[in-house]
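# Topology and contacts: notes
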Amino acid sequence: MQGFKEFLLRGNLIELAVAFIIGTAFAAVVTAFTGLVLSIIAAIVGTPEVGKLLVGPEGHQADLAPFINSVISFVIVGAVVYFGVVKPYEAFKARKKVEEPEAAATTEDLLVEIRDLLKTR
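Residues numbered from 1 in each chain as written. Predicted model: local features only at pLDDT ≥ 70, side-chain atom pairs only at ≥ 80, totals over all residues. Heavy atoms only, no water.

## Regarding the overall build of the chain
Broken down by element type, the chain carries 4 helices and 0 strands. Sequence-ordered secondary structure for the chain, helices as α and strands as β, is α-α-α-α. A burial count over the chain gives 14% of its 121 residues as buried. Long-range pairs, those at least 24 residues apart, make up 50% of the contacts in the chain with a sequence separation of at least 6. (Helix = DSSP H or I, 4+ residues; strand = E, 2+ residues; numbered from the N terminus. Buried < 20%, exposed > 50% of the residue type's maximum accessible area, 1.4 Å probe, protein only. Contact = heavy atoms within 4.5 Å.)

## Remarks on the pattern of salt bridges
According to the stated counting rule, one finds 1 salt bridge in the structure shown. Asp116 is the partner of Arg115 in a salt bridge, and the nearest nitrogen-oxygen pair spans 3.3 Å. With a relative accessible area of 45%, Arg115 lands in the partly exposed category. On the accessibility criterion, Asp116 (35% relative accessible area) is partly exposed. (Salt bridge = Lys/Arg side-chain N within 4 Å of Asp/Glu carboxyl O.)

## Structural notes on the confidence of the model for the chain
Of all residues in the chain, 72% have pLDDT values of 70 or greater, and the mean over the chain is 74. Averaged pLDDT values over the elements of the chain bottom out at 72 in helix α1 (residues 2-9) and peak at 87 in helix α4 (residues 107-120). (pLDDT = per-residue confidence, 0-100.)

## Points about a nonpolar patch on the surface
Together, Leu64, Ile68, Ile72, Ile76 and Val80 give the surface a local cluster of nonpolar side chains, amounting to about 440 Å² of exposed area. Inspection of the secondary structure puts Leu64 in the loop between α2 (11-45) and α3 (65-96). (Patch = residues over 30% accessible without salt bridge, like charges linked within 9 Å, V, L, I, M, F, W, Y side chains within 5 Å. Areas by Shrake-Rupley, 256 points an atom, 1.4 Å probe, with all protein chains shown as cover.)

Given below as structure tokens:
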């Protein structure tokens, strides 16, 4: 069980999961934006099969709702992931962080420190 616990708490796994969730949510935004751009192009060209446009030739209108909904969903998913996964994980990691002892100073570091102290006198 200890190995499984270490596997789950490893930073790379959490970061990868967060990246996957955000990437999936962002895909919806990109898809909706692509649809919006295609509908604008369709209105300019005059092909109604691509979608509706804001106000274009022959009364076409762009459907902005899917794009706006995607952006709002992306922000909500991002907030849930950040406040529900990332923040608690960082807090847990900070509590479990073991204080690492300071690395032993090398002879060169000690000599530089002695030199600097002698200069100040």
